[in-house]
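Letter by letter, the chains look like this.
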Amino acid sequence: MPQDGLPARSAYVRVAVLGGGQLARMLALEGIPLGHRFTFLEPSPDPPAGALGTVIEAPYDDADGLARIAAGADVVTYEFENVPAGSADYLAARLPALPPPIALATAQDRLAEKRMFGELGIPTAPFHPFDTPADLDAALEATGLPAVIKTRRFGYDGKGQVVARSRAGAEAALGSLGSGLIAESFVDFQRELSILAVGGRDGSRVYYPLTENHHRDGILRLSLAPAPGASPALQAEAERLADRVMTRLDYVGVLAVELFEADGRLLANEMAPRVHNSGHWTLDGAHVSQFENHIRAVTALPLATPRMTGPAAMVNIIGTLPDPAAVTAVRGAHLHLYDKAPRPGRKLGHVNVTGRDAAEVGEGVEKVRALTGATR
Ligand code: AMP
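Residues numbered from 1 in each chain as written. Predicted model: local features only at pLDDT ≥ 70, side-chain atom pairs only at ≥ 80, totals over all residues. Heavy atoms only, no water.

### Considering the sheet that holds strand β7 (residues 161-164)
Argument step 1. The strand order across the open sheet built from four strands is β5-β8-β6-β7, with neighbouring strands paired in antiparallel fashion. Looking at which strands have only one partner, the edges of the open sheet turn out to be β5 (127-130) and β7. In this sheet, neighbouring strand axes are inclined to one another by 25 degrees on average, regardless of whether the strands run parallel or antiparallel.
Argument step 2. Of the pairings in the sheet, the one linking strand β6 (residues 147-151) to β7 comprises four bridges and is antiparallel in character. Considered in β7, the bridge of K150 is made with Q161.
Argument step 3. Lying on the sheet, helix α6 (residues 136-143) is in contact with β5, β6 and β8 (181-185); it crosses β5 at an angle near 165 degrees.
Argument step 4. Packed on one face of the sheet, helix α7 (residues 167-177) meets β5, β6, β7 and β8 and runs near 170 degrees to β7. (Pairing = 2+ DSSP bridges. Helix = DSSP H or I, 4+ residues; strand = E, 2+ residues; numbered from the N terminus. Axes fitted to C-alpha atoms, helices over the stretch in contact; angles between N-to-C directions. Contact = heavy atoms within 4.5 Å.)

Here is the structure:
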């Protein structure tokens, strides 16, 4: 018995998360049962993760906030990739910062990311850097038309990109997007998929089944898992791609790779070095979620090989809140709200739908989509 007469506490890991949004909230919701404690560095007041640990309210590059994280945590992880490089390097010099800063730096820049995919033999749409009007002809020669022109940095949820169908359209995009761009060929894909891979600190790797993703206005609306009709060969190909990225980046944690399926081939679109919206179904559709596996990874616990409990789907709640009583009354529906104020286009929560078979899940999804306004 310790001197203060209190029983010894269990050994816990102090986990710091840069960001206090819904991803941080779900990391903590899944990490607390493992006995861990959480601190969040978050600039805005009253964040979604606030109820689950200590919040240090400061910008991501605040020297005092970073020093407090470094002094009071055993490991630091992130809920978003746009962490200032100086902050990631400062933290990585003082405590395990996982996934490693190189993964953040690569994912922050679409050009660096696509070049890495190319070096690893991972197929992508043809692309070309596109910074000044002088680059226009070379870029369009590489991509053809239509082309998708994107900002290299800070694009998310379809923001910072335009589809150019003509040379004049591409020229206009230069004005609307600013500089630091990348042009890509428009991929006439059959569907969008994602693979969620997890790397452990001991070098182990596990994978979730391919997920089929449906976007509208650049925002993920619906995910289906496993991706209907995905063959074992397609799954194996996706795992191989993710595996190469993880090896290159010495990766620890959850890595999401967004893919286009076009004529039976997989093309990598982008990666997210963090837990991902297309993996939210794992909270109810797999026996260990992406959030728990991420926390297991960064706290050096063994990874769990994901086993699905059956087919699953996820419907995002965007902009307005549905009636919680109506949603929870739907058979197989699991409501997850993020404690955020409604605002147009804002992700406020999601509903996972599970069932015995795809038909039962499909029925639940239709009811939930009607209740959440997702069919509008
Ligand atoms: P991103 O920000 O790169 O994830 O792009 C957002 C969405 O735009 C993707 O989920 C696709 O639906 C679409 N998109 C992005 N790049 C391309 C492309 N090269 N060809 C066709 N559609 C694209």
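### Some words on the environment of R331
Argument step 1. As for its position among the elements, R331 is in the loop between α11 (324-328) and β16 (333-337).
Argument step 2. The exposed category is assigned to R331, whose relative accessible area is 59%.
Argument step 3. Separated by 76 residues in the primary sequence, R331 and L255 place their C-alpha atoms 31 Å from one another. (Buried < 20%, exposed > 50% of the residue type's maximum accessible area, 1.4 Å probe, protein only.)

### Some remarks on the packing of helix α2 (residues 63-72) against helix α3 (residues 85-92)
Argument step 1. The interhelical angle for the contact between α2 and α3, taken along N-to-C directions, is 30 degrees, at an axis separation of 10 Å. By the angle class used here, α2 and α3 are roughly parallel. Between α2 and α3 lies a crossing of right-handed hand. Contact residues: L66, A67, I69 and A70 in α2; S87, Y90 and L91 in α3.
Argument step 2. Each residue belonging to the contact of α2 with α3 can be placed in one class, and the counts come to six nonpolar, one polar and no charged. (Parallel < 35°, antiparallel > 145°, perpendicular 65-115°, else oblique. Left-handed = near helix turned anticlockwise from the far one by under 90°. Nonpolar A, V, L, I, M, F, W, Y, C, P; charged D, E, K, R; others polar.)

### Notes on the nonpolar core
Argument step 1. By size, the foremost hydrophobic cluster in this structure holds 35 residues, and its most contacted members are V17, F38, F40, V198, W281 and F291.
Argument step 2. Every element with two or more residues in this core is listed here: β1 (14-18), α1 (22-31), β2 (37-42), β9 (191-199), β12 (219-225), β13 (253-262), α10 (290-298) and β15 (312-318).
Argument step 3. Top element by residues in this core is α1. It accounts for five residues.
Argument step 4. Sequence-distant contacts of V17, defined by excluding residues within four places in its chain, comprise A24, L27, F38, T39, F40, L41, T77, Y78 and E79.
Argument step 5. Ranked by size, the runner-up nonpolar core spans 26 residues in total, among them M116, L120, A197 and A227. (Core = buried A, V, L, I, M, F, W, Y, C linked by side-chain atoms within 4.5 Å.)

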